[in-house]
Amino acid sequence: MVPRLLLRAWPRSPAVGPGAPSRPLSAGSGPGQYLQRSIVPTMHYQDSLPRLPIPKLEDTIRRYLSAQKPLLDDGQFRKTEQFCKNFENRIGKELHEQLVAQDKQNKHTSYISGPWFDMYLSARDSVVLNFNPFMAFNPDPKSEYNDQLTRATNMTVSAIRFLKTLRDGLLEPEVFHLNPAKSDTDTFKRLIRFVPSSLSWYGAYLVNAYPLDMSQYFRLFNSTRLPKPSRDELFTDDKARHLLVLRKGNFYIFDVLDQDGNIVSPSEIQAHLKYILSDSSPAPEFPLAYLTSENRDIWAELRQKLMSSGNEESLRKVDSAVFCLCLDDFPIKDLVHLSHNMLHGDGTNRWFDKSFNLIIAKDGSAAVHFEHSWGDGVAVLRFFNEVFKDSTQIPAITPQSQPATADSTVTVQKLNFKLTDALKTGITAAKEKFDATMKTLTIDCLQFQRGGKEFLKKQKLSPDAVAQLAFQMAFLRQYGQTVATYESCSTAAFKHGRTETIRPASIYTKRCSEAFVREPSRHSAGQGFDRHLFALRHLAAAKGIILPELYLDPAYGQINHNVLSTSTLSSPAVNLGGFAPVVSDGFGVGYAVHGNWIGCNVSSYPGRNAREFLQCVEKALEDMFDALEGKSIKS
């Protein structure tokens, strides 16, 4: 997704910590309490993860200029080249040395973690559209299990199983296996668990396995982004045992863990959710959830008014809830409706500040919408995959299951908020702003059925490279130019790694795109630079140094004005994912190359046309497939 990823170090406590012993198993360790029981402790590799290397300054400058080449004319490029030379030989050299020295003093983290964290929590824009993405689940393969109550119960139980498995150190460590026949085996796991955490990464490396950073995972649960003046804070309370449920803009809570740490019986959870779904209360006249879509400073001020108006305890319940389950009262019509609903909805039935909202529509369509400051797609996708697998393969209830005879009128607490005139005015203003903004967003989807990963790999081509080239060709066909393009990639193979930027627009993709688009009849069949330059700029600001001229160069602003912001994810659990453009004249491009088809989900604001862009993407894919099959390319 868009690179809006933050973390703090996993709290050093007896409960959970990087490389620390897992906490003793809770009393509730019977059948059905866990997703799995890994013999290798969850955080076994964390202490020995390699550190994120700082690139050499000369390499960063070279990569930066290479990325600028397709975007600038010769005169502009020469100016930028001169700015880079001055930077590399003068102030940039000093800043780089200071960054390296600072990094050596902070070996517990990565050089980008602090600056990246500051950037996100200091952003004052609404988190909706600007930061929060979504991932939609595939339907349950057994159609009768897509009943809203059944699926909500099963997914809630699976999510709590994930929480318990994680906190008790029984979740399999996240590992990227290049040779799973050697490393993803019981034999290897039985051996590696006896290797000390300070050395365990090296043991995995010897069999071509790469453990990934898991320091973000603790923020999945009981966590909320709190609005504060100038800079937000992340709040986590892992002692809280209740679930927050939103329906028709009303707030409900009930415990999903008992005092001993047991998961409340699925039939009780089912009963409480059935009670909430049958509640005839109307939607509130002033839906509080709109406030989480506001500018962060405005929301911070209104939150203070909420607190001082007698709502402190209710807000604490919202903030500390295990997660937020959103039950929508309507079915999903199509993929475009799915995208709009899961990305933003109508603003009344989401708490956009929660670490994640699990959204389930009337027809069982489900998605995870997540706040991006606490972590990134690696942690969320692992949670997503495990919940889908567990809820579909080992469901807690069946469609025939009867709810428990629990007294939900006592157990389920409906939260009521006292609203002053000033708060009502604030909610009304937030609603008007929300509605006006959402009307400007267009989303469209493409499913290219002619082929996918299997065909492209047989042609010895990278499926991702083909998709990215299609976007370059599409924009050139539609607008006649090559623009700054962003593709996120994870650096989770390093301690406290975040993301780095891949720059798909190069002189080579530009030439190739021009060949296909402008001269079709003549043709037929690591490390980045962005985070390094960002960290140096952050360091200059922290030291009170005047901003170096490289950062004032219009070309620097242009390459960071990412007109094409792209992100891919692929999983058997994922139907589609999406996010809004990161600039007003851009496209947000979520895509996945599947075995035999390619999916693409594109968003745009006025001035750009998502549907026309997708038509150009489809044309680009058709042209490339024609070339690969030896067919002539049509103009």
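Since we're looking at a predicted model, the values are computed, not measured. (Residues numbered from 1 in each chain as written. Predicted model: local features only at pLDDT ≥ 70, side-chain atom pairs only at ≥ 80, totals over all residues. Heavy atoms only, no water.)

1. Thoughts on the overall build of the protein chain
Step number 1: If you tally the helices and strands in the protein chain, you get 21 helices and 18 strands.
Step number 2: On C-alpha atoms alone, the protein chain measures out to a radius of gyration of 25 Å, which is about the 26 Å that the 2.2 N^0.38 rule sets for 635 residues.
Step number 3: Counting over 635 residues, the protein chain shows a buried share of 57%.
Step number 4: Surface accessibility of the protein chain: about 26000 Å² in total, with carbon and sulfur atoms responsible for 52%.
Step number 5: Each charge class in the protein chain can be summarised by its mean position, and for the 74 positive and 68 negative side chains these summaries are 3 Å apart. (Helix = DSSP H or I, 4+ residues; strand = E, 2+ residues; numbered from the N terminus. Rg over C-alpha atoms; globule rule 2.2 N^0.38 Å. Buried < 20%, exposed > 50% of the residue type's maximum accessible area, 1.4 Å probe, protein only. Areas by Shrake-Rupley, 256 points an atom, 1.4 Å probe, with all protein chains shown as cover. Lys, Arg positive; Asp, Glu negative; His and termini not counted. Charge placed at Lys NZ, Arg CZ, Asp CG, Glu CD.)

2. Observations regarding the packing of helix 3 (residues 91–104) against helix 18 (residues 530–542)
When two helices pack together, their arrangement is given by the angle between the helix axes and by the axis-to-axis distance.
Step number 1: Where helix 3 contacts helix 18, the axes come no closer than 10 Å and their chain directions differ by 95°. The angle between helix 3 and helix 18 falls in the class roughly perpendicular. Two secondary-structure elements touch here, helix 3 through Leu95, His96, Gln98, Leu99 and Gln102 and helix 18 through His532, Ala535, Leu536, Leu539 and Ala540.
Step number 2: Its residues placed into classes, the contact of helix 3 with helix 18 shows six nonpolar, four polar and no charged. (Axes fitted to C-alpha atoms, helices over the stretch in contact; angles between N-to-C directions. Parallel < 35°, antiparallel > 145°, perpendicular 65-115°, else oblique. Contact = heavy atoms within 4.5 Å. Nonpolar A, V, L, I, M, F, W, Y, C, P; charged D, E, K, R; others polar.)

3. Comments concerning unusual backbone geometry
Step number 1: One non-glycine residue, leucine 129, lies in the positive phi region at around 70°.
Step number 2: Tracing the backbone shows leucine 129 in the loop between helix 4 (113–122) and strand 1 (134–137).
Step number 3: Residue classification places leucine 129 among the buried positions, given a relative accessible area of 3%.
Step number 4: Backbone geometry at histidine 496 places phi at a positive 55°, although glycine is not the residue there.
Step number 5: The residue histidine 496 is located in the loop between strand 13 (485–490) and strand 14 (499–502) in this model.

4. Observations concerning the packing of aromatic side chains
Each pair of aromatic rings is reported with the distance of its centres and the angle of its planes.
Step number 1: With the rule as written, the count across this model stands at 30 aromatic pairs.
Step number 2: Centroid distance tyrosine 64 to phenylalanine 529: 5.5 Å. Interplanar angle 70°. Geometry classified as edge-to-face.
Step number 3: Residue class for tyrosine 64 comes out buried when judged on its relative accessible area of 0%.
Step number 4: Between phenylalanine 471 and tyrosine 591, the ring centres sit 5.1 Å apart and the planes meet at 75°, which makes this aromatic pair edge-to-face. (Phe/Tyr/Trp six-rings, centres within 6.5 Å; stacked < 30°, edge-to-face > 60°.)

5. Remarks on the pattern of salt bridges
Step number 1: Under the criterion given, the structure shown has 35 salt bridges.
Step number 2: Among the ionic pairs, arginine 231 bridges to aspartate 118, the shortest N-O distance being 2.8 Å. Here aspartate 118 lies in helix 4 and arginine 231 lies in the loop between strand 4 (223–226) and strand 5 (233–236), a separation of 113 residues in the sequence.
Step number 3: Taking relative accessible area as the criterion, arginine 231 reaches 27% and is therefore assigned partly exposed.
Step number 4: Exposure remark for aspartate 118: the relative accessible area of 27% places this residue in the partly exposed category.
Step number 5: A salt bridge links lysine 431 to aspartate 435; the shortest N-O distance between them is 2.7 Å. Pair noted here: lysine 431 and aspartate 435 are both in helix 14 (residues 421–438), with a separation of four residues, about one helical turn.
Step number 6: What emerges from the salt-bridge pattern is a single network uniting Arg124, Arg225, Asp232, Arg296, Asp297, Asp353 and Glu371. (Salt bridge = Lys/Arg side-chain N within 4 Å of Asp/Glu carboxyl O.)

6. As for the packing of helix 16 (residues 463–479) against helix 17 (residues 507–518)
Step number 1: In the contact formed by helix 16 and helix 17, the axes pass within 9 Å of each other and the chain directions differ by 55°. The angle between helix 16 and helix 17 falls in the class oblique. The interaxial crossing formed by helix 16 with helix 17 has right-handed handedness. For the pair formed by helix 16 and helix 17, the contact residues are Leu469, Gln472, Met473, Leu476 and Arg477 on the first element and Thr509, Cys512, Ser513, Glu514, Phe516, Val517 and Arg518 on the second.
Step number 2: Looking at the contact of helix 16 with helix 17 residue by residue, the class counts come to six nonpolar, three polar and three charged. (Left-handed = near helix turned anticlockwise from the far one by under 90°.)

7. Regarding the nonpolar core
Step number 1: Among the nonpolar cores identified, the biggest contains 55 residues, and Phe221 and Phe323 are the most heavily contacted of them.
Step number 2: Residue contributions to this core peak at nine residues, all from helix 5 (residues 148–167).
Step number 3: The contacts of phenylalanine 221, once residues within four sequence positions are left out, are Ala159, Phe162, Leu163, Leu166, Arg167, Thr236, Val322, Phe323, Ser355, Phe356 and Phe383.
Step number 4: Of all hydrophobic cores here, the second largest spans 42 residues; its members include Leu302, Trp351, Ile359 and Ala580. (Core = buried A, V, L, I, M, F, W, Y, C linked by side-chain atoms within 4.5 Å.)

8. Regarding the side chain of glutamate 487
Step number 1: Take glutamate 487: it is sitting in strand 13.
Step number 2: As a buried residue without a salt bridge, glutamate 487 has its nearest oppositely charged side chain in arginine 503, at a separation of 10 Å.
Step number 3: Here tyrosine 591 takes part through its side chain, which lies 3.0 Å from a polar atom of the side chain of glutamate 487.
Step number 4: With near-sequence residues (within four places) excluded, glutamate 487 lies in contact with Asp464, Gln468, Glu500, Thr501, Ile502, Pro504, Thr566, Thr568 and Tyr591. (Polar contact = N/O pair within 3.5 Å; in protein donor to acceptor, adjacent residues only side chain to side chain.)

9. Structural notes on helix 10 (residues 296–320)
Step number 1: Counted at 1.5 Å a residue, the expected span for helix 10 with its 25 residues is 36 Å, but the 20 Å between its end C-alpha atoms falls short.
Step number 2: The largest bend in helix 10 amounts to roughly 115° and is located at asparagine 311.
Step number 3: Listing the buried residues of helix 10 in full gives Arg296, Trp299, Ala300, Leu302, Arg303, Leu306, Asn311, Ser314, Leu315, Val318, Asp319 and Ser320.
Step number 4: Looking at the buried side of helix 10, the elements it contacts are strand 4, strand 5, strand 6 (242–247), strand 7 (250–255), strand 11 (413–415) and helix 14.
Step number 5: Between the side-chain oxygen at the start of helix 10 and the backbone nitrogen of aspartate 297 there is a gap of 2.9 Å, and the oxygen is on asparagine 295. (Expected span 1.5 Å × (residues − 1). Bend = angle between axes of the 7 residues up to and from the residue.)

10. Structural notes on the environment of glycine 528
Step number 1: Its place among the elements puts glycine 528 in the loop between helix 17 and helix 18.
Step number 2: Residue classification places glycine 528 among the buried residues on the basis of a relative accessible area of 8%.
Step number 3: The residues touching glycine 528, leaving out its near neighbours within four places in the chain, are Pro55, Thr60, Arg63, Glu500 and Thr501.

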